[in-house]
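# Structural overview for review
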Amino acid sequence: MRWESQPLLHVEHLTMRFGGILAIDDLSFAAGRGDITALIGPNGAGKTTVFNCITGFYKPTEGRIAFARKGLASSADVAALTTTGKRHAHMPSGDIYLLERMPDFEISAKAGVARTFQNIRLFQGMTVLENLIVAQHNPLMQASGWTVLGLLGIGPYNKREREAVDKAKFWLDKINLLDRADDAAGELPYGDQRRLEIARAMCTDPVLLCLDEPAAGLNPRESADLNQLLRNLRDEHNTSVLLIEHDMSVVMQISDHVVVLDYGTKIADGTPEAIRNDPKVIAAYLGVADEEEAQAIVGGGA
Amino acid sequence: MTAAPPRPQTLGEKLPQALRETIIAALIAAGLAFPIIALGAEPDINNQLALQTRWSWVFTTILLAAGARFLAFTLETMRSRFVAAAGLLCAAFGLGTWYFAGVADPLLIGGTIVAGAAAIALGYFIDGDADVAPKKRTTVSAQDDTSTALAFIGIGVLVAFPLVMLFAFGEAGSLKWINNYGVQILIFVMLGWGLNIVIGLAGLLDLGYVAFYAVGAYTYALLATHFQLSFWICLPLAGIMAAFWGVLLGFPVLRLRGDYLAIVTLAFGEIIHLVLLNWVELTNGEAGILSIPRITFFGIPFTAEENGFAATFWLEFSPIHRTIFLFYLILALALVTNFATLRLRRLPIGRAWEALREDEIACRSLGINTTNTKLTAFALGAMFGGFAGSFFAVRQGFVNPNSFTFMESVWILAIVVLGGMGSQIGVALAAIVMVGGTELLRELDFLKQLFGPEFNPVQYRMLIFGLAMVLMMIWRPRGFIATRTPSIFLKKRKAVAADLVGEGHG
Ligand SMILES: Nc1ncnc2c1ncn2[C@@H]1O[C@H](COP(=O)(O)OP(=O)(O)OP(=O)(O)O)[C@@H](O)[C@H]1O
Ligand SMILES: [Mg+2]
C-alpha cells in the first residue's frame, strides 16, 4: 500500500463551501508515489472541486494539502512545516509543499503538480507545437534572461528553444500527433485534443499529474490507448497520477488505489478489488437502488 | 455563448426567415423611432416651443432598419456578398446623388436604384439554395519567402519615399507628402503596433492607450524645456515613464475582464487627459507647453546658421531637411517597434501573451504567472506609445491636452481592429487606409462642384469611417488580415484560421 508507506500527497480534513453548498466535507486521503490513484464518485460528488483545491484554483475553506515533491510527506514534518507558517521547506522526510497556501501557478511551477481540465482547455488558436512550447514557459523564460537577453539575441535562448522543441516532439511522438504538430490545436478531433492536453501537462515535468476525466468522450480504441499511455507515464516517467474517471472499466484496469467520494465525503478507500466488493460503494455509488445493477456497474471491466 | 441557430439551407427556408427578421427589425425600429424621433419641439417665430411631428423621418428610419436587416441576412454567404455589395453601392450612389446634388434626373436615379435592387435580388437567389453550411476550418499555408521579400520591398519603398517625393514634387510640393502622409501615417502605424501588443497579442482591450502617448509627449516636453535634455536622452526616459504608467494602470485592472477592463482603461485615458488640463503648474493646462526644442541631427540643429545642418553638409538650407529627418526618425522608431514585437512573439513572454489571450486558466495551470504576463504587456505596449509620444512632441514643437483625447484612442483602436488583431502588416495597412484616407479627403475639392461650396469632405470622415467599420465588421469581422501566423513550426508554417483564434478578455 504505497499510499500508506510512500505518500506524496496528503489531503487532510479538506472542506470546501460555496455559499450554502458544502461541496467537500472533511475529506482526507493520501496518494502514493508511483501510483495511479483514481478518484471516483457520482456526478456532483465534488471530484473536480478536490482537483481545484489541490491545484490552487480554489482556496479550501478548511483543511491542509501537503505535497512531497521529493521523499515523502511524513505527518511529523508536515505538522512542523505548518507551524512555521511557510509554504515550502526541505524537511528530513522530503521536500514538502503546503499547496493550500500557494497560488495556482506556483503549484505547477514549483511543486510540480500539473493538471488537465474536464472541459478541455487547449490554446485553440495556437498550433499543437506551440501549445507544448508554452507549457515549457518557465525554463524558457529563464533561458531568455527574462526577455531582456532574448530580445537582444544574447544567451542560450535559441539553443534552449530547440531543446524545448525536441521535448515537444518526444511527447507528440508518444501521443501519435507528430504529423499534426503545425496544425491549430482547435482543429484536432476531440480524442486528439484530450491526449494533447495530457502531453502539454507532461511538458511541465510534473511529479503529480491530475487528470479530470481524460477518457470522457473517447471511443473504446482511444480509451485503450489512453490506458496504455497512463501506465507508461507511471512506469517510465516516474509520474504519479491522480485520475478522475467515470468509466469503471478504466478505473479497475489501471488504478492502483481508488478513493470513492459521495456528497463531498469519502465513502471508501482502497485497492480496486476492495472497492469492487465494498457493500457501501455498491449501495451508495451512483445512487442505484437495485443492488445487482450497482454490482454490475462497479464491477465493470473485471 | 449561445449556439447559432441552424442556418437555413434552401431558398424556401431562407426567404421566410429573411422576411421574418426584416419585419422584426422594422417593428423594433418603429418602437424606438416613435418616442425618439416622431415628436419634436422647436421654437417658433415667437420663440415658443411648438410641437412638431416628423412622420417622414420615422418612416425613413423604419425602412432603413428593415432594409439593413434584410441585407444583412442576405449577405451571409460569400458569393452573394459581392453581388450585394455592388447592389448596395449602386443604390447608395443613386440615393446619394438624389439627396445631395438634387440632380433631378429620375431616369438616372431610378435606374441605379433598380439596378442595385436587382443585384441584391440576384445575390439572394444565387445563394438561395447553395450550401451555406459553416465553412470547413482550414489552415492556409503562408508563404514565408514571399512575405520576407515583401517586407524588404516595403522597407525599401519607405526609405526611398521622401527622396522620391522630393525629386518629383520639389521642396515645397513634397512637404505635404512627406509630412502629412508619411510622418502622420507612420506615427499611427507605430501607435497601432504598440497597442497591438496589448490587444492583439495579450487580448486585453485597452481603450485608454492615448494616455501613454500623452505621457511620452509631456515627458519629453517637460524634460526638454526644464532641463534642456536632448531628444536622444529623453526618448528612453519617455518610454520608461510610459511603461511605468502602463504598470500603474495594469495593477488595478489585473482582475478585470472584457467590458470592465475596457471601461477602466477608458477612464484612465480620461484621467490623464484631465490631469494634463488641470495641473496647470506642471503642464500649463489648456495652453500646453510651447517652444519645445526642435529635433537636431545628433546635435546639429536644422537651422540656416553657420553651424546648422545645411551648412555642415554643404547643402542649401531648406526646412524640408528637418521634415525628411523626422520621417526617417519615425520610420526607424516604427521599425524598431515592429522588429521588437516580431522578436517578442518568438520569446516565451510573447507566447505567454498569446496563450493568455487564448485561455488564462490554462496558462495558470502551466505555471505561468499571469499577473506578470499582463503587466509586461501593458508596460511594453505603453513604452512604444511613449516613444511615439516623445516623437510627436519633438515634431510639433508644442503639446497641449487637445492632442490626447478619447477620439485619439478610438482612432488607434480602430486601426488595430481594422488591421486584424495581432497582425503587424494588417495594422500597417489599416493605418495607411485610415490616416491616409483622412488626408485624401482634404484633396477631394472637386466634390465642392457637386455638392456646393460649403461642402467639406473632411467633416464626413467619421461618418465614412463609421460606415466602413460597419461594413468591415460584416464582411471581415476579424480585420484585413485575420489569420494568425504561428510563432514556430516543425515542417511548415500554416496560418491559423481566424475563427480558431481567441479574442481575449474583451
Ligand atoms: N465554483 C462553484 N461555485 C458554486 N458551486 C460549485 C462550484 N464548483 C462546484 N460547485 C458545486 O460543488 C459540487 C461538486 O461539484 P464538482 O464539479 O466538484 O463535482 P464532480 O464530482 O466533479 O462532478 P462531475 O462528475 O459532474 O464532474 C456541485 O454541487 C457543484 O454545483
Ligand atoms: Mg467534475
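Keep in mind that what you see is a predicted model, and the values were worked out from it rather than measured.

Check the secondary structure of chain A and you find 14 helices and 11 strands. Computed over the C-alpha atoms, the radius of gyration of chain A is 20 Å, within 12% of the 19 Å expected from 2.2 N^0.38 for a compact globule of 302 residues. Considered along the principal axes of its C-alpha atoms, chain A spans approximately 65 × 50 × 40 Å. Counted over contacts in chain A with a minimum sequence separation of 6, partners at least 24 positions apart contribute 65%. Counting every atom, chain A has about 12000 Å² of accessible surface; 50% of that belongs to carbon and sulfur. Both charge centroids of chain A, one from 30 positive and one from 40 negative side chains, sit 7 Å from each other.

This part is about the sheet that holds strand β11 (residues 265-270) of chain A. All names here are of chain A. In spatial order, the strands read β7-β8-β9-β3-β10-β11; together these 6 strands make up an open sheet with mixed pairing. The open sheet has two edge strands, β7 (113-115) and β11, and neither has a second partner. This sheet shows a mean twist of 20° between the axes of neighbouring strands, independent of strand direction. Bridging between β7 and strand β8 (residues 208-212) involves 3 bridges; their strand directions are parallel. Bridge pairing in β8 links V113 to L208.

Residues and elements named next belong to chain A. Residues V148, L149, L151, L152 and I154 make up a contiguous nonpolar surface patch of about 440 Å² in total accessible area. Position of I154 among the secondary structure elements: in the loop between α7 (148-152) and α8 (157-174). Overall, the relative accessible area of 45% leaves I154 in the partly exposed class.

A few words on the site of ligand 1. All names here are of chain A. The immediate surroundings of ligand 1 are formed by 13 residues, with G44, K47, T48, T49 and Q118 found nearest. One of the backbone nitrogen or oxygen atoms of G46 is found 2.9 Å away from an oxygen atom of ligand 1. In this structure, a nitrogen atom belonging to ligand 1 sits 3.0 Å away from a side-chain N or O atom of Y58. Coverage of ligand 1 by the protein amounts to 66% of the 630 Å² it exposes when considered alone. Of the residues in the shell around ligand 1, the class split is 4 nonpolar, 7 polar and 2 charged.

Time to look at the side chain of E106 of chain A. Residues and elements named next belong to chain A. Mapping E106 onto the fold places it in helix α4 (residues 104-111). A relative accessible area of 13% places E106 in the buried class. At 3.0 Å, the side chain of E106 forms a polar contact with the side chain of R87. Apart from the residues within four sequence positions on either side, E106 is in contact with R87 and A111.

Here we come to the domain arrangement of chain A. Residue and element names in this part refer to chain A. By the assigned domains, chain A splits into domain 1 (2-112 + 207-298) and domain 2 (123-205). Taking only C-alpha atoms into account, the centre of domain 1 sits 27 Å from that of domain 2. Across the contact, 20 residues belong to domain 1 and 13 residues belong to domain 2. Summed over both partners, the interface of domain 1 with domain 2 buries about 1200 Å², with 69% contributed by carbon and sulfur atoms. Its largest share of buried area at the contact with domain 2, domain 1 owes to L209, L229 and H237, together 32% of the area lost on that side. Across the domain 1-domain 2 interface, the total number found is 0 salt bridges. Run the count over domain 1 and domain 2 and you get 3 residue pairs in polar contact (both at pLDDT 80 or more).

On to the side chain of E245 of chain A. Residue and element names in this part refer to chain A. Residue placement: E245 occurs in the loop between β9 (240-244) and α11 (248-254). Buried E245, no salt bridge; nearest opposite-charge side chain is R194, N-O distance 7.9 Å. Within the structure, E245 has its side chain in polar contact with the backbone nitrogen of D247 (distance 3.1 Å). Other than its neighbours up to four places away in sequence, E245 contacts L39, I40, E213, P214, A215, V250 and V251.

Looking now at the interface of chain A and chain B. Every contact between the two is made by 42 residues of chain A and, on the other side, 36 residues of chain B. Interface of chain A and chain B: buried area, both sides summed, is about 3500 Å²; carbon and sulfur atoms make up 63% of it. Counting across the chain A and chain B interface gives 6 salt bridges. The partner of R484 of chain B in a salt bridge is E130 of chain A, and the shortest N-O contact between them spans 2.7 Å. If you look at where chain A meets chain B, you find 19 residue pairs in polar contact (both at pLDDT 80 or more).

Generally speaking, nonpolar side chains in soluble globular proteins are found buried as a group. Formed by 147 residues in total, the largest nonpolar core has its most connected members in L196 of chain A together with W353, F391, V399 and F404 of chain B. Formed by 31 residues, the second largest nonpolar core is a distinct cluster that contains Y97, A111, L208 and L261 of chain A.

A few words now on the packing of aromatic side chains. All names here are of chain B. Scanning all chains against the criterion turns up 17 aromatic pairs over all chains. Residues Y213 and F404 carry aromatic rings whose centres are separated by 5.5 Å and whose planes lie at 85° to one another, so their mutual orientation is edge-to-face. With Y213 in helix α6 (residues 210-227) and F404 in the loop between α14 (370-396) and α15 (406-419), this residue pair connects regions lying 191 residues apart in the sequence. Just as Y213 is buried, F404 falls in that class too.

In this section: the sheet that holds strand β6 (residues 94-98) of chain A. Residues and elements named next belong to chain A. Strand order in the open sheet formed by 5 strands is β2-β1-β4-β6-β5, with antiparallel pairing between adjacent strands. At either margin of the open sheet sits one strand with a lone partner, and together these are β2 (21-32) and β5 (88-90). Mean inter-strand twist for the sheet, computed between neighbouring axes without regard to direction, equals 15°. Where β5 lies against β6, 3 bridges are found, and the strand directions are antiparallel. Residue pairing across strands places H90 opposite D95, the latter belonging to β6. The sheet strands contacting helix α3 (residues 75-84) are β1 (7-18), β4 (62-71), β5 and β6, and the helix crosses β6 at an angle near 50°. Here α4 sits on the sheet in contact with β4 and β6, set at roughly 20° to β4.

So, about empty space enclosed by the protein. The full count for this structure, using the stated rule, is 2 cavities of 30 Å³ or more. Looking at the second largest cavity, its volume works out to about 30 Å³. As for the second largest cavity, its lining consists of T55, F57, D104, I107, S108, V113, A114 and R115 of chain A together with S365 of chain B. Taken together, the elements giving at least two residues each to the lining of the second largest cavity come down to α4 and β7 of chain A. A class-by-class count of the residues in the lining of the second largest cavity yields 4 nonpolar, 3 polar and 2 charged.

What counts and what doesn't
Residues numbered from 1 in each chain as written. Chains lettered and ligands numbered in written order. Predicted model: local features only at pLDDT ≥ 70, side-chain atom pairs only at ≥ 80, totals over all residues. Heavy atoms only, no water. Helix = DSSP H or I, 4+ residues; strand = E, 2+ residues; numbered from the N terminus. Rg over C-alpha atoms; globule rule 2.2 N^0.38 Å. Contact = heavy atoms within 4.5 Å. Areas by Shrake-Rupley, 256 points an atom, 1.4 Å probe, with all protein chains shown as cover. Lys, Arg positive; Asp, Glu negative; His and termini not counted. Charge placed at Lys NZ, Arg CZ, Asp CG, Glu CD. Pairing = 2+ DSSP bridges. Axes fitted to C-alpha atoms, helices over the stretch in contact; angles between N-to-C directions. Patch = residues over 30% accessible without salt bridge, like charges linked within 9 Å, V, L, I, M, F, W, Y side chains within 5 Å. Salt bridge = Lys/Arg side-chain N within 4 Å of Asp/Glu carboxyl O. Buried < 20%, exposed > 50% of the residue type's maximum accessible area, 1.4 Å probe, protein only. Near = heavy atom within 4 Å. Polar contact = N/O pair within 3.5 Å; in protein donor to acceptor, adjacent residues only side chain to side chain. Nonpolar A, V, L, I, M, F, W, Y, C, P; charged D, E, K, R; others polar. Domains from an automatic or database assignment. Buried area = accessible area lost by both parts, 1.4 Å probe. Core = buried A, V, L, I, M, F, W, Y, C linked by side-chain atoms within 4.5 Å. Phe/Tyr/Trp six-rings, centres within 6.5 Å; stacked < 30°, edge-to-face > 60°. 1 Å grid on protein atoms, 1.4 Å probe; cavity = no way out; pocket = protein on both sides within 12 Å on 5 of 7 lines; lining within 4 Å. Points joined across faces, edges and corners; volume = space filled by probe spheres on them.

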